[in-house]
Amino acid sequence: MGSFKKVQDVLCLCLMEETIDEEEFALLYEAYKRSNLPFSHSAYEKFSLANKDPAECKADFRVEKRDIPLLLDALRVPLVFQCRNGTICDGVEGLRIMLKRFAYPCQYSDMIPIFGRSVPKLSMISNEVVDWMCTTHGHKITQWNHDLLNPVALNQYADGISNKGAALKNCFGFIDGTVRPISRPDANQRIVYNGHKRVHAVKFQSVALPNGLIGHLYGPVEGRMHDA
């Protein structure tokens, strides 16, 4: 059996030739309807780091192009990532897909022009790399968070803020919340509706440290919840 698009084309031809009636056409056409929107990815070239402009690299991934080899070496990224369905990509592309996914709010369809891959493949590769990161480096991330919030570091943060003229001597970070819009759910709409932003959403609250890193992240919680 061919792709969904080919089957739908055949069904249209059968309807025109009256091989099937309208009711049969409607049922079969719906049965062979894609679960994902038919974004075209074949028109784009496959990802190549060598062809990426340094400015584009920084804008897309928030990492300098020259630092990619250092990041690959530091994380010990494997040469190849293989998804459960057999989809394969090299380590450089897999890392870039993950970085792009989390650099800024974006949909997988926004990444098609960069990587020349379909939405399902981008999703599977991104999840595969994230799982690898959590499995391989999860304990290091935990230790890193501990190092960020140990007593010596907290005193340094507080001193830095105080030296800038803050009224408090023991303030080491800044609390802020962010609203992440979501699609309107079929049920429990009031729970996730944020009246201030007038959107259905989930909320996160974080503690930003003076060095620009997030020391603590809480969420998601329902959109109607107020910041603590």
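Up top is the structure these notes are about.
Residues numbered from 1 in each chain as written. Predicted model: local features only at pLDDT ≥ 70, side-chain atom pairs only at ≥ 80, totals over all residues. Heavy atoms only, no water.

A word on helix 4 (residues 68-75). Burial in helix 4 covers these residues: I68, L72 and L75. An end-on view of helix 4 places all buried positions within 80 degrees of arc, on one side of the element. Exposed positions of helix 4 whose direction lies more than 90 degrees from the buried face are P69, L70, D73 and A74. (Buried < 20%, exposed > 50% of the residue type's maximum accessible area, 1.4 Å probe, protein only. Helix = DSSP H or I, 4+ residues; strand = E, 2+ residues; numbered from the N terminus. Arc of directions from axis to C-beta.)

This part takes up the pairing of strand 5 (residues 199-208). Inspection of the sheet shows strand 3 (residues 174-181) paired to strand 5 by eight bridges, in the antiparallel sense. Looking at the pairing, T178 lines up with F204 of strand 5. Judged from the two bridges that link them, strand 4 (residues 193-194) and strand 5 form a sheet pairing that is antiparallel. Following the sheet pairing, Y193 is matched in strand 5 by H200. Connecting strand 5 to the next strand, strand 6 (residues 214-222), in antiparallel fashion are five residues, including G212 with a positive phi near 90 degrees. (Pairing = 2+ DSSP bridges.)

Treat this as a map of the structure, not an account of what it does.
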